[in-house]
Amino acid sequence: MEKIKEFIKEKKLINPGEVIGVGVSGGSDSMALLHYLAGVQEELDFEVVAIHINHGIREESRDEEEFVMTKCRELGVRAYKFKINSPKIAKEKNESIETAAREGRYDIFKSLIQRGVVDKIALAHHESDQAETILMHIFRGSGIAGARGMEPIRDGIYIRPMLNVSKKEIMNYVLDNNIDYVQDNSNFDNGYNRNFLRNVILPQVCERWPGAESGIVSFGRTVSEDDDFINNYVQDSDVIYDDEIAKIPLTYFTYPTSVLNRLLIKIFKKVGIQKDFEKKHIEIITDLAKNGENGSRVQLPFEVVAVREYNYLTLVNKLKNRPELRVPFGIGEIELENIGKIITKKVKTYESKPNFLFIDIDKVPADAIWRYREDGDVFTKFGGGTKKLKSYFIDKKIPQRIRDYIPVLASGNEILVIGGIEISDKVKIDENSKIASINIKFNK
């Protein structure tokens, strides 16, 4: 187990002065990690605290919680305990209990990081877990990114100090140090995918090929090294990023498959998609970019929409819900839920500014309201010429994805202002105008 310390130093997992929260379930792996880190914290100049999460799945959870708290007191380690109702969350979100438990667990970890309670979270994944993860990713069709397996450090905060230690080495350490632990009986429920792989598939594989687990992990390291080398040459400088949106030039989809796949994975991560994307999703996106019509879209399983927009393929992570909007025109501010706000002010003079439009207040009809577009809307262009609002959007190459989210000032079906874009010729300013400025501030 001493190689854990060398692994920590080699991968720079822990810096002096940091507070490391150890995820402790009470099982042999997490208890061994807690015990080891508690033993080297003074030498490496960091502090260990324990984090126990009761997932609300099993009757024994309460006993395990008390066990962990007791052992932490014996070790002289500060401990935090939390409880989540994984079955309820799973039902509400229509997802597996495994997924609900994992998401709830990481939400707690993230909260502790954000509040400054801990600097990093140490997880007890080991070499056998790594082999299982690589195989599960491959079985799901993840491609090279999944074949890398788990990283020693993820997002700069989640560390895995035991990733180069075998399960056998961990159990030897537990026995040698008389470390108590609890047995989670759910680990024997082969209805869970990982348990089926761990308890049924891998034992049979290792019986035929005794070094199979190490071989799988070694394969993952080789893949990771090669992947890192190629990724150094993958550039996304022409991709336009805006919060959780990425606009990818269609020319990128002429790149070799190996480059394109890595490029898309890099883009996914930048817009906040960290998991659940597979090779088949990349193929769906590529087909849309190469063969889809303008405005066509596909809904991907990880709450992402891919849209073909003129010369771009746009990825949108979680489209905003558009609320109702029917507000009479007037001076002041109007909050647009999930969208932003409209700010209208009287001004004496005007000058061109980004996102500002200027109109003649006296030319706005009394029945004018702010709303979103509707069928039958028409727009008289600045300088003359009337056309359907839909046609105007097409001419201006406004992405179909955002047209429903642009507030318009309308009198009946006559559009007087397209928020943030243009004013109608019917409300343009002349030398006698009472001027109002209209500024649309869109949320990120």
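Computed from a predicted structure; not experimentally measured.

A tally of regular secondary structure across the chain gives 14 helices and 22 strands. Taken over C-alpha atoms, the radius of gyration comes to 29 Å for the chain, far larger than the 22 Å a tight globule of 444 residues would show. Along the longest, intermediate and shortest principal axes, the C-alpha atoms of the chain span 90 × 50 × 40 Å. Taken over 444 residues, the chain has a buried fraction of 47%. Of all intrachain contacts in the chain linking residues separated by at least 6 positions in sequence, the fraction that spans at least 24 positions is 68%. The chain carries 66 positive and 68 negative side-chain charges, and their two centres are separated by 5 Å.

A contiguous nonpolar surface patch, about 320 Å² in accessible area, is contributed by Ile138, Phe139 and Phe219. Mapped onto the secondary structure, Phe219 falls in helix 10 (residues 212-231). On the accessibility criterion, Phe219 (42% relative accessible area) is partly exposed.

Taking strand neighbours across the sheet as the criterion, the 4 strands line up as 13-14-22-15 in an open arrangement whose pairing is antiparallel. Two strands close off the open sheet at either side, each with one partner strand: strand 13 (332-336) and strand 15 (356-360). Direction aside, the axes of adjacent strands within the sheet are offset by 20° on average.

Taken N-terminus to C-terminus, the directions of helix 2 (residues 28-44) and helix 3 (residues 61-75) make an angle of 20°; their axes are 11 Å apart at the nearest point. By the angle class used here, helix 2 and helix 3 are roughly parallel. As for the relative orientation of helix 2 and helix 3, their crossing is right-handed in sense. Where helix 2 approaches helix 3, its residues Met31, Leu34 and His35 are matched on the opposing element by Phe67, Lys71, Cys72 and Leu75. By residue class, the composition of the contact of helix 2 with helix 3 is 5 nonpolar, 1 polar and 1 charged.

This part covers the pairing of strand 13. In this sheet, strand 14 (residues 340-347) lies alongside strand 13 in antiparallel orientation, the contact comprising 5 bridges. Directly across from Glu333, in strand 14, lies its bridge partner Ile343. Linking strand 13 to strand 14, which pair antiparallel, is a turn of 3 residues; within it Asn338 sits at a positive phi near 70°.

The next point concerns the sheet that holds strand 6 (residues 158-159). Strand order in the open sheet made by the 6 strands is 3-2-1-4-6-5, with mixed pairing throughout. Each edge of the sheet is formed by a strand with only one pairing partner; in this case those strands are strand 3 (78-83) and strand 5 (153-154). As defined by bridge partners, strand 5 adjoins strand 6 across 2 bridges and the pair is classed as antiparallel. In the sheet register, Ile153 faces strand 6, and the bridge partner there is Ile159. Against the sheet, helix 2 touches strand 1 (19-23), strand 2 (47-54) and strand 4 (120-122), its axis set at about 160° to strand 2. Of the strands in this sheet, strand 1, strand 2, strand 3, strand 4, strand 5 and strand 6 are in contact with helix 5 (residues 97-114), which crosses strand 2 at around 145°.

With that settled, the discussion passes to the packing of aromatic side chains. All told, the structure shown has 9 aromatic pairs when counted by the stated rule. With 6.4 Å between their ring centres and 55° between their planes, Phe109 and Tyr158 make a pair best called tilted. Note that Phe109 is positioned in helix 5 and Tyr158 in strand 6, a separation of 49 residues in sequence. The pair Phe109 / Tyr158 is uniform in exposure class, with both members buried. Their ring planes at 25° and their centres at 5.1 Å tell us that Tyr252 and Tyr255 sit as a pair that is stacked. Overall, the relative accessible area of 2% leaves Tyr252 in the buried class. Every member of this aromatic cluster is reached through a ring pair, and the members are Tyr106, Phe109 and Tyr158. Looking at Lys247, its charged tip hangs above the ring of Tyr312, at a distance of 4.7 Å from the centre.

The next thing to look at is the side chain of Asp377. Structurally, the position occupied by Asp377 is in the loop between strand 16 (369-371) and strand 17 (378-380). Given a relative accessible area of 4%, Asp377 falls into the buried group. A polar contact of 2.8 Å, which involves the side chain of Asp377, links it to the side chain of Arg371. Residues in contact with Asp377, not counting those within four places in the same chain, are Arg371, Lys388, Leu389, Asn413 and Ile415.

Quick look at the side chain of Asn195 now. With respect to the helices and strands, the residue Asn195 is situated in helix 9 (residues 193-208). Among the polar contacts listed, one links the side chain of Asn195 to the backbone oxygen of Asp189, at a separation of 3.0 Å. Once residues within four sequence positions are removed from consideration, Asn195 is found in contact with Ser186, Asn187, Phe188, Asp189, Asn190 and Val200.

What follows concerns the pattern of salt bridges. Throughout the structure, instances matching the rule amount to 32 salt bridges. The shortest N-O distance in the salt bridge between Lys167 and Asp29 comes to 2.7 Å. Placement of Lys167 in helix 8 (residues 167-176) and of Asp29 in helix 2 is noted, with a sequence separation of 138 residues between them. For Glu151, the salt bridge is made with Arg148, and the minimal N-O distance between the two is 2.9 Å. Residue Glu151 is classed as partly exposed on the basis of its relative accessible area of 27%. Ionic contacts of the salt-bridge type, sharing partners, join the residues Arg148, Glu151, Asp227, Asp228 and Arg262 into one network.

Before going further, it helps to spend a moment on the environment of Ile53. Tracing the backbone through its elements, the reader meets Ile53 in strand 2. Each C-alpha atom of the pair Ile53 and Ile84 lies 7.4 Å from the other, and the pair is 31 residues apart in sequence. Other than its neighbours up to four places away in sequence, Ile53 contacts Phe82, Ile84, Arg105, Ile108 and Phe109.

With that settled, consider helix 3. Compared with an ideal rise of 1.5 Å per residue, which puts 15 residues at 21 Å, helix 3 spans 21 Å between its outermost C-alpha atoms and is within 8% of the ideal. In the core, the buried residues of helix 3 are packed alongside helix 2, strand 2 and strand 3.

Reading the values: the criteria
- Residues numbered from 1 in each chain as written.
- Predicted model: local features only at pLDDT ≥ 70, side-chain atom pairs only at ≥ 80, totals over all residues.
- Heavy atoms only, no water.
- Helix = DSSP H or I, 4+ residues; strand = E, 2+ residues; numbered from the N terminus.
- Rg over C-alpha atoms; globule rule 2.2 N^0.38 Å.
- Buried < 20%, exposed > 50% of the residue type's maximum accessible area, 1.4 Å probe, protein only.
- Contact = heavy atoms within 4.5 Å.
- Lys, Arg positive; Asp, Glu negative; His and termini not counted.
- Charge placed at Lys NZ, Arg CZ, Asp CG, Glu CD.
- Patch = residues over 30% accessible without salt bridge, like charges linked within 9 Å, V, L, I, M, F, W, Y side chains within 5 Å.
- Areas by Shrake-Rupley, 256 points an atom, 1.4 Å probe, with all protein chains shown as cover.
- Salt bridge = Lys/Arg side-chain N within 4 Å of Asp/Glu carboxyl O.
- Pairing = 2+ DSSP bridges.
- Axes fitted to C-alpha atoms, helices over the stretch in contact; angles between N-to-C directions.
- Parallel < 35°, antiparallel > 145°, perpendicular 65-115°, else oblique.
- Left-handed = near helix turned anticlockwise from the far one by under 90°.
- Nonpolar A, V, L, I, M, F, W, Y, C, P; charged D, E, K, R; others polar.
- Phe/Tyr/Trp six-rings, centres within 6.5 Å; stacked < 30°, edge-to-face > 60°.
- Lys NZ or Arg CZ within 6 Å of the ring centre and 35° of its normal.
- Polar contact = N/O pair within 3.5 Å; in protein donor to acceptor, adjacent residues only side chain to side chain.
- Expected span 1.5 Å × (residues − 1).

The analysis is restricted to geometry; functional conclusions fall outside its scope.
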